[in-house]
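# Coordinate analysis (summary)
Read off the chains here:
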Amino acid sequence: MYERILRKYEPTADNLLFILHEIQDNEPKQYIPEQGIREVSDYLDLSPSQVYSVITFYSLYSVSPRGKYIVRVCDSPPCHLMGSVSIIDELSEILGIKEGETTENGMFSLEVVSCLGVCGVAPAMMINKELFGNLTPEKVRNIIDKYRQDKQPASQVAE
Amino acid sequence: MKVTIDNQTLELDKPIPILEAAKKVGIKIPTLCYYEDLPPIGSCGVCVVEIEGLGVKRACVTPVYDGMKIDTHSQEVIKHRKMAVELLLSDHPIDCLTCERSGRCDLQGLADNLGINDLRYPRLKYKEKPIDETSPSLYRDPNKCIRCKRCVQMCDNIQSVEAINVMGRGYETTVTVAYDHGMGNSPCVNCGQCISVCPVGAIYEKRDIDHVWEAINNPDKFVVVQEAPAIRVSLAEEFGLVPGDDVTGKMYTALRMLGFDAIFDTNFAADLTIMEEGTEFLKRVKEGGPFPLITSCSPGWIKFMETFYPDMKNNVSSCKSPQQMFGAMVKTFFARKNNIDPRRIISVSIMPCTAKKFEAARPEMDASGYRDVDYVITTREFIRMINEVGIDFANLAETSADTLMGTYTGAAAIFGATGGVMEAALRTAYEVHTGKTLPKLDFEEVRGMDGVRETTVDVNGLPVHVAVAHGLENARTLLEKVKEYKEKNDGQSPYHFIEVMTCPGGCVGGGGQPYGSTMKRREERARSLYTIDGKLKLRKSHENPAIKKSYEEFLGEPNSKLAHKLLHTHYVRRKY
């Protein structure tokens with residue numbers, strides 16, 4: 001199933017992260033399915049538990065299906081001090097989901113992550129590949145409202 | 001090089017870790033993630049010492065150098081050490097009284113030694129996680145886990161099963177299996193070596209004591225018990241006797257006191273296994289293969305083969321393990337001889353092994369029409385039963401097993417040590433095949449603790465190549481060698497007969513054995529088994545009068561139709 005991706009890489013363990021990224025980016029639900037883990041471990045001669053360990057270590061990978069838009073809020077010390085908790089609470093409330101969950105319509109996932117590298121504009125978050133800084137609860141509401149105008153259902157999306 | 005540790009000078013010829021150097025001057029630096037048979041990883045920070053000019057370092061991973069001055073208990077050291085333990089406790093359930101490891105827990109011992117009597121750090125993010133009860137053999141309690149990775153190292157490096165690994169990060173870090181579907185749905189072979197090395201109560205066997213008590217206390221049930229060869233040399237250490245000492249007689253007495261109705265011995269079935277497996281081997285010799293024939297008594301190995309080497313299914317002996325053979329015989333032969341309805345019989349086994357619980361539960365293990373073995377308890381569970389009742393084990397009188405299925409030879413006794421099954425099989429196969437008496441019964445080449453051992457035995461002009469492996473990583477190495485040789489040599493096998501034991505040291509090092517099963521301890525127990533063998537008058541399975549009787553009166557001959565039905569089995573292919 002993932003042969004096309006796998007064959008692009010030499011079967012050496014140092015390609016693991018690249019392969020995982022590509023598998024995830026090609027999944028409409030932005031995650032790495034079990035079958036993917038199986039095939040990668042076979043290809044690289046690693047145990048599935050080892051591959052699973054790597055995936056779960058990095059917050060950018062996911063082993064469960066995610067929404068069309070992944071909202072990643074930074075909770076590293078600078079963002080934390082600048083109020084990331086209120087940003088997370090606000091997002092939780094307007095999206096109706098808790099950290100690590102996906103909305104029922106499959107549009108949004110909410111994640112709390114480590115440093116996004118933009119401490120100068122803390123508190124910060126990313127939605128898919130777009131970055132937002134100097135957040136306030138009000139600003140967050142406006143941003144989400146904009147994304148909500150996307151009426152194309154999540155399941156039809158494939159990059 | 002010269003090293004000073006706590007004002008004592010030590011002369012060393014190589015840069016060993018500080019931890020080992022300290023031992024030489026009589027200091028046992030406290031450790032937690034360190035385990036003597038595994039490579040040190042320095043994850044817990046408990047073994048810190050202060051090095052002049054360098055500050056506080058971890059003793060397990062820091063080698064000494066010439067002129068090094070070490071203080072193992074400066075104020076700074078104690079501060080660090082205490083804090084490492086206190087931080088672990090801040091993320092721990094601290095329900096010691098009801099914990100499986102209570103009184104035998106490294107963390108509890110450390111907290112005690114360091115005099116930690118209040119919890120300085122609040123539990124910030126402690127969230128109770130569910131206990132993994134999917135395995136037929138063992139439970140994992142992630143709440144107790146201190147992420148020392150000893151179990152992961154054991155599973156990966158020594159057993160090469162790689163069922164478990166560290167998942168997640170930070171507070172969320174747990175040790176679990178791929179896809180998080182539970183141990184029971186993973187390649188885990190149930191060997192329980194992770195339990196042997198776990199310093200806390202994060203992994204433990206599925207408890208079957210309650211079922212056994214219930215059966216004993218039910219007047220309608222006739223409860224039969226068998227004990228594996230390794231049990232009798234693993235009890236002494238728990239009752240203040242010399243570790244490894246043979247306490248067979250006391251063991252039988254304790255079982256009678258606990259209330260079992262018939263006390264037999266797995267050793268009887270070990271002799272039976274040799275008759276069946278030896279005959280199977282000689283048949284292959286006659287027919288020219290397929291070779292190698294590989295032993296089948298170790299259920300962890302069987303699941304390992306079914307998962308990683310399913311193409312070798314036909315190389316593995318079809319013999320059930322002694323535990324299962326015993327079970328099948330109890331509910332047929334014994335039941336008939338004593339006129340007991342097999343439905344009334346509860347067959348209990350005491351095993352050094354957690355995988356035996358899995359084996360007993362395999363659906364096909366009921367050829368007699370009844371479960372071969374109803375309940376399996378580990379050595380640890382047996383010890384718990386003895387302590388629960390308050391039996392003064394050390395001072396018990398010695399008694400014998402009951403006769404019908406309690407007689408055994410020296411060949412059976414050594415089943416519990418790596419190489420023992422091979423040696424027992426060679427003794428019988430040689431004599432049955434040649435009709436001659438073996439000049440020397442001891443096959444020294446297959447004894448010992450080297451990972452893989454091999455030898456060639458001359459059987460009437462036929463050179464029989466045999467090999468022995470213990471620990472699944474060693475088994476994997478050996479099997480890969482066989483595969484490679486076969487590919488290069490037209491399918492010819494380099495060996496005729498291979499013994500594989502799942503656990504390092506064989507059953508004496510099983511995952512159900514008393515805690516503290518270091519390689520040294522495993523060796524002590526194994527040595528004692530060879531002593532038992534040496535002392536017995538009968539040392540060849542085919543000379544066991546009880547075995548002869550079972551063939552004469554019941555089974556017919558080895559590998560007969562009935563023997564096949566009751567004493568042999570088949571294997572499956574597993575995919576995860």
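Residues numbered from 1 in each chain as written. Chains lettered and ligands numbered in written order. Predicted model: local features only at pLDDT ≥ 70, side-chain atom pairs only at ≥ 80, totals over all residues. Heavy atoms only, no water.

## Topic: the packing of helix α8 (residues 266–287) of chain B against helix α17 (residues 545–555) of chain B
Residue and element names in this part refer to chain B. Here is the rule: Axis definition: a line fit to C-alpha positions, over the contact stretch in the case of helices; interaxial angles, taken between N-to-C directions, run 0 to 180 degrees. Each helix is a run of H or I in the DSSP string that is no shorter than four residues. Each strand is a run of E no shorter than two, and both are numbered from the N terminus. Oblique is the label for every angle not falling under 35 degrees (roughly parallel), over 145 degrees (roughly antiparallel), or within 65 to 115 degrees (roughly perpendicular). Take the far helix as your reference; a near helix turned counterclockwise from it by less than a right angle gives a left-handed crossing, and one turned clockwise gives a right-handed crossing. Note on definitions: a residue-residue contact is assigned when non-hydrogen atoms from the two residues lie within 4.5 Å. Charged means Asp, Glu, Lys or Arg here, nonpolar means Ala, Val, Leu, Ile, Met, Phe, Trp, Tyr, Cys or Pro, and polar covers whatever is left, Gly included.
Axis separation between α8 and α17 bottoms out at 10 Å; the angle between their running directions is 65 degrees. Taken together, α8 and α17 sit at an angle that is classed as roughly perpendicular. As for the relative orientation of α8 and α17, their crossing is right-handed in sense. Of the residues in α17, those in contact with Phe 268, Asp 271, Leu 272, Met 275 and Glu 276 of α8 are Ala 546, Ile 547, Ser 550, Tyr 551 and Leu 555. Taken together, the residues of the contact of α8 with α17 break down into 7 nonpolar, 1 polar and 2 charged.

## A look at the side chain of Asp 533 of chain B
Residue and element names in this part refer to chain B. Applicable threshold: Three labels apply to residues, based on accessible area from a 1.4 Å probe with only protein chains included: buried if under 20% of the type maximum, exposed if over 50%, partly exposed otherwise in between.
When you line up the elements, Asp 533 lands in helix α16 (residues 519–535). Of the residues examined, Asp 533 reaches a relative accessible area of 0% and is grouped as buried. Not counting the four nearest positions on each side in its chain, Asp 533 is found in contact with Gly 410, Ala 411, Ile 414, Arg 427, Arg 447 and Arg 539.

## What about the layout of surface pockets?
Here is the rule: A 1.4 Å probe that fits into a set of points on a 1 Å grid over the protein atoms alone but cannot get out defines a cavity; an open set with protein on both sides within 12 Å along at least five of seven lines defines a pocket, and lining residues are those with an atom within 4 Å of a point. Grid points are joined across faces, edges and corners, and a volume is the space filled by probe spheres set on the points.
Size it by volume and the second largest pocket reaches roughly 1,000 Å³. If you go around the second largest pocket, you meet 40 residues; those closest to its centre are Asp 42 and Pro 48 of chain A together with Thr 307, Phe 308 and Arg 476 of chain B. Secondary-structure elements contributing two or more residues to the lining of the second largest pocket are α3 (34–44) and α4 (48–57) of chain A together with α9 (299–308) and α15 (472–488) of chain B. Examining the composition of the lining of the second largest pocket, we find that 6 residues originate from one element, α15 of chain B, more than from any other. When the residues that make up the lining of the second largest pocket are grouped by side-chain class, the tally is 14 nonpolar, 11 polar and 15 charged.

## Examining the nonpolar core
Residues and elements named next belong to chain B. Stated precisely, the cut-off is as follows: Within this scheme, the nonpolar core is defined by two criteria: the residues are buried Ala, Val, Leu, Ile, Met, Phe, Trp, Tyr or Cys, and they are joined through side-chain atoms within 4.5 Å.
Within the largest apolar cluster, 68 residues are counted, with the highest numbers of intra-cluster contacts made by Leu 235, Leu 255, Phe 260, Phe 281, Phe 382, Met 385 and Phe 393. A per-element tally of this core places helix α14 (residues 420–434) first, with 7 residues. Discounting chain neighbours no more than four positions away, the residues touching Leu 235 are Val 247, Met 251, Thr 379, Phe 382, Ile 383 and Phe 393. Of all hydrophobic cores here, the second largest spans 58 residues; its members include Cys 155, Met 183, Ala 202 and Tyr 571.

## Looking at the domain arrangement of chain B
All names here are of chain B. Heads up, the condition is: Domain start and stop points were drawn from an automatic or database domain assignment. Using a 1.4 Å probe, buried area is obtained as the accessible area two parts lose upon being combined, added over both of them. Salt bridges are counted wherever a side-chain nitrogen of Lys or Arg sits within 4 Å of a carboxyl oxygen of Asp or Glu.
Taken as a whole, chain B is organised into domain 1 (2–89), domain 2 (127–205) and domain 3 (210–567). Contacts between domain 1 and domain 2 engage 10 residues on the former and 12 residues on the latter. Of the roughly 870 Å² buried where domain 1 meets domain 2, counting both sides, 66% is carbon and sulfur surface. The three residues of domain 1 that bury the most area against domain 2 are Leu 32, Tyr 35 and Leu 38, which together make up 52% of that side's buried surface. For the pair domain 1 and domain 2, the number of links is 0 salt bridges. Its residues placed into classes, the side of domain 1 that touches domain 2 shows 8 nonpolar, 1 polar and 1 charged.

## A closer look at the interface of chain A and chain B
As a reminder of what qualifies: In protein, a polar contact means a hydrogen-donor-capable atom and an acceptor-capable atom, both N or O and within 3.5 Å, with residues adjacent in sequence counting only if both atoms are side-chain atoms; elsewhere, any N or O pair within 3.5 Å suffices.
At the interface, 13 residues of chain A touch 14 residues of chain B. Scanning the region where chain A abuts chain B turns up 0 salt bridges. For the pair chain A and chain B, the interface holds 7 residue pairs in polar contact (both at pLDDT 80 or more). For the side of chain A that touches chain B, the secondary-structure elements that each account for two or more residues are α3 and α4 of chain A.

## Notes on α3 of chain A
Residue and element names in this part refer to chain A. Turning to α3, its buried residues number three or more, namely Gly 36, Ile 37, Glu 39, Val 40, Ser 41 and Leu 44. Its buried side turned inward, α3 meets α1 (3–6), α2 (16–26) and α4. Asp 45 occupies a position one or two residues after α3 and carries a positive phi of about 55 degrees.

## What about the state of the cysteines?
Residues and elements named next belong to chain B. Note the cut-off: What counts as a disulfide here is a pair of cysteine sulfur atoms lying within 2.5 Å.
What the rule picks out here adds up to 0 disulfides over all chains. Left unpaired, Cys 47 is separated from the closest cysteine sulfur, that of Cys 60, by 3.7 Å. Relative accessible area serves as the criterion here: at 4%, Cys 47 is assigned to the buried category.

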